[in-house]
Structure formats: C-alpha cells, structure tokens
Amino acid sequence: MTDGDAPGRLDERAAAIIRAELERILSSDGFRAAPQLSSFLSFIVERAVEGRASELKGYTIAVEALGRPADFNPQIDPIVRVEAGRLRRALAQYYAGEGRADPVQLSMPVGGYAPVFAFSDAAACPTGSATPADERSGEAAAAPETGPRAAAARRGPMVALAAFGIALVGLAAWYLWPSDTPFEGASRKVAPELAGRVQPAAIHAPQLLRVAITIPSPPADPKLADLLRRFSNLLVDAMARFDDIVTIKAPPPGSTGGEDIDYAFEMSLQATDSEVEGLGRLRSVRDGRIVWTASTGRAPVGGLAEAELAERARRLATRLTEPFGIIPADARQAPPSPASRCILRAFDLRRTMLAEDDLAARACLEQLVEQDPGFYPAWAHLAVLELGESGETDLRDKSKLDRSLAAALAAIRLAPSGARAYQAMMKVLLLRGAVDEAIQMGREALARNPYDPDIMADLGALFVRRGRPAEGLPLLERAIALSVGRPARYDFYAFLGSYLSGSAKGGEAYAATLAADHTPLSLLGRALLAASEGDQQKLSTAVSELTERAPLFGSDPRGYLLRRGFSEEVVTRLLAALGLAGR
C-alpha cells in the first residue's frame with residue numbers, strides 16, 4: 001500500500017511514524033547543536049519517504065541539503081562522505097542513549113546514502129511501508145525491516161573501509177594471522193586476531209572526556225541570543241571533530257549541562273548600544289574549578305560576517321580540544337576514566353619518546369582493547385605504537401607491520417569518519433613503503449578534522465621526510481601556530497623543512513624549541529644546525545647524545561632514518577651534512 005502515484009512512496013501511517021521519529025532525533029541534544037547533520041538527515045529521510053531514494057547521490061545531497069553551489073564536484077570536495085560518516089556515528093550515539101527505546105530506528109548503511117528504517121517488533125511495522133526492491137538505489141534500502149536483518153542494520157557498518165585499505169596495499173594476509181601470536185612488549189598479551197574480529201558497536205562516549213557547551217543566561221535581545229546560538233553551534237561542530245578525545249553535549253540555553261559531564265564551557269555576551277563582547281569560561285564539573293577564561297574583544301553588534309564567526313569558533317575549538325590543548329592538559333592531572341588516561345598517555349609518548357612511556361601506553365591500550373574491542377581510538381594509537389615512535393623498531397619484521405596494519409584497519413572499520421583512524425593508517429602505509437597511499441590517507445584525515453594540529457603536523461612531516469618541504473612547511477607552520485603545548489617534533493620537522501629548502505633564517509625560528517628538548521629528533525635537528533654553523537664541538541655533542549638515546553643511530557644511522565620514513569635522497573643529504581656519508 002502506497003500513498004499517491006509515486007512508486008515506492010510510503011503509506012501515510014508509515015510516513016507518519018518515521019517523521020515522528022525524525023522529529024525526536026532532531027530535538028535531541030546531539031542533533032539540535034548540529035544543523036548540518038540535521039539538514040542531511042531530514043533530506044535523506046524525506047526523499048526515502050517520498051519513494052525517491054534513488055536520487056540520494058553525493059551531488060544531490062551536497063547541493064540541496066548542504067547548500068553547496070551548483071558546480072560542486074564530489075570527486076574533489078569530500079564534504080558529503082565526511083558528513084555521512086559523522087551522521088552514522090551521531091545516529092549510533094542517539095540510539096545508544098536517548099533513543100534506546102524508540103519504536104523505530106533510522107540508520108544509513110555504509111556504501112550509500114539511503115536510510116533504513118528498522119521497527120522494534122513485527123507488530124509495529126506498518127504493512128505496505130517497504131520500498132519495493134526495484135525502486136532501491138543500489139546503495140541501501142529505504143525500508144522498514146524486522147528480525148535478524150533489522151538487527152544487523154541497527155548494528156551499523158560491519159566492514160567500513162577495510163576492503164579499500166586492503167586494496168590500497170595489496171595485503172589481505174593479516175586476516176590469516178595465527179591465533180596464538182600475541183602482541184609484544186607489554187605486560188598483557190592481546191591476541192592480534194581480535195583486530196580482525198572487531199565490529200562497530202554503540203558509541204563509547206562515557207569513556208572519553210565529556211564536555212558540555214552551555215549558555216547559562218541567554219541574552220534577552222533576540223539578535224544577541226541568535227548570535228550566541230550560532231556561535232555555539234559552530235563551536236560544537238568543530239569540537240565534535242576531536243571524537244577520539246572528547247564527547248560533546250549541547251544542552252538547551254539556560255541549562256547547566258547536568259552532572260554527567262567532566263567540563264562545562266560556559267558562554268555569555270556583554271553588550272553596549274553598539275558593541276558586543278563574548279566571554280567564555282571552562283569549568284571543571286568534578287571540583288568546581290575555573291580552568292580557563294577568555295574574551296573575544298569588542299566588535300560591532302551584527303558586524304561579524306558568518307565566515308569570521310566560524311573562524312573564531314574553530315580557533316577556540318582547537319585551543320580547547322586538540323591533543324595538547326587546554327582540556328586535555330587539565331585532564332592529564334586526574335583523568336576521569338581509564339580510557340581517557342590511556343589516550344592521553346599515548347599522546348604524551350609523542351612528546352617524551354621514552355621507552356618506559358612506550359611500554360606504559362602500550363600496556364594500557366592493550367588492556368583497553370581486550371576489555372572493550374569496540375573502542376576505536378585505542379586501535380588507532382596501537383597501530384602507531386606497534387611501528388615504534390622511537391625509530392628503534394626493526395620494520396623488516398613483517399609481523400610488526402602486519403599487526404600495525406590490522407590495528408589501523410580495525411580503527412577505520414569501527415569509525416569510518418574518525419580522523420585519528422586515517423592518521424594512523426597514514427603512518428602505517430608510509431612505513432610499509434606505500435607513500436602515495438599514505439599521503440591520500442593523511443588528506444582523508446585532514447578532511448575529517450581540518451582543525452587538528454597533530455594531523456597537520458604529521459602530514460606536513462611526511463612531505464618533509466619525502467623531500468617535499470614546499471608542501472609540508474605550510475601545514476607544520478599552521479600546526480605550530482595552533483598548538484601551544486605541542487611536541488618538539490612539530491618544530492623539528494618545520495626546522496628540517498626550512499633546512500631542506502635552503503632557508504637557514506627560516507629554521508632559526510624553531511631552533512630554541514630544539515635546544516630545550518632532548519628527544520632524538522630534536523638532537524638530530526641540533527646536530528644539523530651545528531653542522532650548518534660550522535660548530536664542530538656542538539655537532540659532536542649532539543651526535544654523541546643522539547647515539548646514546550637512539551643506539552640504532554650510532555650503529556646504523558642510514559637505517560635509523562629510513563625506518564622513520566625518510567626518502568633515500570633526504571637521508572643521503574642529511575648524513576653528508578653530519579659527516580656520516582659513509583655510514
């Protein structure tokens with residue numbers, strides 16, 4: 001039974017049930033603060049209800065739902081794929097919480113944009129409401145389902161981009177690992193085949209740092225209230241991209257956000273007749289501390305263009321949420337959950353590069369995935385740790401490379417929209433020798449979170465290591481500008497990019513950071529700086545300390561650099577500069 005003349009159009013009862021569910025979703029915390037996701041979901045649901053699911057293509061969604069111009073090219077701009085991934089995760093989060101008992105569940109299977117409607121039981125499913133098979137787009141069915149198929153639909157994507165990742169590198173052998181091969185180097189042993197078995201599950205929001213964006217006292221002036229609401233929406237959207245660090249909640253204006261959060265960022269406006277000033281403060285909910293305050297400075301009322309408002313929100317989101325930003329820095333003092341402790345520990349390793357920190361982070365993450373195989377950030381960090389951040393790992397050991405690839409694929413499978421998963425895959429593919437594919441993965445990561453300095457720095461460092469400093473330096477410079485508490489490696493690769501470009505003066509800006517740090521990369525930078533200045537004593541001291549901290553550099557400097565992903569040409573140039581050309 002259908003309504004009207006459109007083939008596949010749902011009948012009135014089915015359409016009413018689905019539209020009521022859509023309204024419940026759009027009024028939830030997660031979607032109320034995400035207008036772009038709300039528009040995306042509303043568009044695909046309405047098209048499916050009208051029997052027009054075959055029209056749900058990337059171009060159509062971009063232009064009609066997301067407001068892109070008519071000349072939009074989905075091959076160049078990944079916005080629809082990125083937002084589709086965010087929508088799948090947002091729906092999973094909704095049904096894991098507020099929508100747990102809803103009579104119908106909406107999902108969008110990977111591979112297309114047409115929604116699936118799964119009713120809670122057979123009695124609730126309206127007869128005649130399924131879209132006929134010959135009207136389906138070939139991407140996904142827009143039809144109510146029950147029984148095992150509906151349960152499978154609710155579980156979400158099973159494989160995500162695993163097949164794509166395997167095709168990139170021509171590797172399927174990781175599925176065939178012997179089941180008795182353990183991860184190495186940690187106190188707990190986790191069977192690596194677990195990475196091949198993990199499947200998407202409910203969002204693990206309580207394990208992350210929980211942050212509420214609140215407007216405790218909405219302005220009485222409608223224009224100011226609208227300005228603050230728009231800024232809040234932009235801030236929520238940007239902060240939500242850091243989905244491996246924080247879970248964002250956006251309660252209605254006038255609400256405090258509740259007690260089930262770790263931090264509240266409270267916003268207000270102060271206005272005169274002609275100017276307005278934005279104020280914000282970050283509060284620790286557990287102990288009431290005011291962690292940080294900020295103000296925007298005065299601006300004419302209504303004088304901020306939408307683009308400038310968005311840029312201010314993004315800068316603030318990055319300062320608060322990036323891996324070495326204000327919220328993670330405060331949480332490091334007393335992480336609120338074991339999972340957040342593990343993730344912060346893994347990021348800290350990138351600063352210290354110490355063997356004991358490597359072991360501690362690895363043991364923590366392995367225990368976490370053993371207890372909770374569905375937690376994607378742990379797999380992403382394990383992929384990187386398996387490669388050996390110190391450069392001491394022998395990457396001729398295929399088992400390490402395969403374990404690293406498996407963990408990165410598991411992360412992508414669990415979170416197809418997770419930027420950290422693609423960042424990990426970039427690192428894995430680079431050290432497997434698949435440079436072009438690694439660059440592609442780095443760009444995918446940056447498309448999913450264009451505000452994360454750590455992703456910018458890693459992609460920039462990749463270009464520098466491959467002898468392409470003109471492409472890498474802008475990314476590194478932006479990462480340095482955005483991350484006050486950054487690891488010294490950002491500055492090392494920026495220094496190296498300037499060095500390889502022949503800009504000694506440009507490299508001087510990063511020399512002070514290298515001088516205060518004693519990680520292997522900083523020591524290498526100090527050695528190169530001393531060599532360029534002709535200071536043999538400083539050169540000898542830096543090389544001696546580098547050899548002590550990284551024994552492989554002392555015995556095989558070429559191998560040490562190659563294992564970190566440097567190209568042969570760059571390695572030859574660096575060793576010649578250090579007087580180690582024959583090594």
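Residues numbered from 1 in each chain as written. Predicted model: local features only at pLDDT ≥ 70, side-chain atom pairs only at ≥ 80, totals over all residues. Heavy atoms only, no water.

A.B. asks: Account for the nonpolar core, naming residues and giving values.
C.D. replies: A general feature of soluble globular proteins is that nonpolar side chains tend to end up buried together. Residues Leu235 and Leu496 are the most contacted members of the largest nonpolar core, which totals 130 residues. Sort the elements by how many residues they give to this core and helix 16 (residues 419-431) lands first, with 10 residues. Residue contacts for Leu235: discarding those within four places in its chain leaves Ile213, Phe265, Met267, Ala313, Leu316 and Ala317. Among the nonpolar cores identified, the runner-up in size contains 39 residues, and Ala14, Leu26, Val49 and Tyr94 belong to it. (Core = buried A, V, L, I, M, F, W, Y, C linked by side-chain atoms within 4.5 Å. Buried < 20%, exposed > 50% of the residue type's maximum accessible area, 1.4 Å probe, protein only. Helix = DSSP H or I, 4+ residues; strand = E, 2+ residues; numbered from the N terminus. Contact = heavy atoms within 4.5 Å.)

A.B. asks: Go over helix 10 (residues 306-321) with me, naming the residues and quoting the values.
C.D. replies: Helix length check: helix 10 (16 residues) gives 22 Å between terminal C-alpha atoms against 22 Å at 1.5 Å per residue, within 8%. Among the residues of helix 10, Leu309, Ala310, Ala313, Leu316, Ala317, Thr318, Leu320 and Thr321 are the ones counted as buried. (Expected span 1.5 Å × (residues − 1).)

A.B. asks: Account for the environment of His518, with residues named and values stated.
C.D. replies: With respect to the helices, strands and loops of the structure, His518 is situated in the loop between helix 21 (504-515) and helix 22 (520-533). Of the residues examined, His518 reaches a relative accessible area of 35% and is grouped as partly exposed. Distance in space between the C-alpha atoms of His518 and Ala488 is 9.2 Å, their sequence separation being 30 residues. Within the local environment of His518, its side chain forms a polar contact with the side chain of Glu545, the two groups lying 2.7 Å apart. (Polar contact = N/O pair within 3.5 Å; in protein donor to acceptor, adjacent residues only side chain to side chain.)

A.B. asks: Go over the environment of Arg286, please, and point to the residues and values.
C.D. replies: Among the secondary structure elements, Arg286 is positioned in the loop between strand 7 (275-284) and strand 8 (290-300). Residue Arg286 is classed as partly exposed on the basis of its relative accessible area, which comes to 44%. In sequence terms Arg286 and Pro336 are 50 residues apart; their C-alpha atoms lie 9.2 Å from each other. Leave out the neighbours within four places in its chain, and Arg286 touches Asp262, Tyr263, Ala334, Pro335 and Pro336. Among the polar contacts made by the side chain of Arg286, one reaches the main-chain carbonyl oxygen of Ala334 at a distance of 3.0 Å.

A.B. asks: Pulling in residues and values, what's your account of the state of the cysteines?
C.D. replies: With the rule as written, the count across this model stands at 1 disulfide. Across the disulfide, Cys342 is cross-linked to Cys364 (sulfur-sulfur distance 1.9 Å). Disulfide Cys342-Cys364: the torsion about the S-S bond is -85°, which places it as left-handed. Of this pair, Cys342 sits in helix 12 (residues 338-352) while Cys364 sits in helix 13 (residues 355-371), and the two are 22 residues apart along the sequence. With relative accessibility at 14%, the residue Cys364 sits in the buried group. (Disulfide = S-S within 2.5 Å.)

A.B. asks: So, the packing of aromatic side chains: which residues are in play, and what are the values?
C.D. replies: According to the stated counting rule, one finds 7 aromatic pairs in the structure shown. A centroid spacing of 4.9 Å and a plane angle of 70° characterise the contact between Phe492 and Tyr493, whose relative ring orientation is edge-to-face. Under the relative-accessibility criterion, Phe492 is labelled buried at 0%. Taken together, the aromatic side chains of Phe492, Tyr493 and Phe566 make up a single cluster linked through ring pairs. Across the ring face of Tyr422, the terminal group of Arg448 is positioned such that the distance to the ring centre comes to 4.1 Å. (Phe/Tyr/Trp six-rings, centres within 6.5 Å; stacked < 30°, edge-to-face > 60°. Lys NZ or Arg CZ within 6 Å of the ring centre and 35° of its normal.)

Remember, this is a structural readout, not a statement about activity or role.
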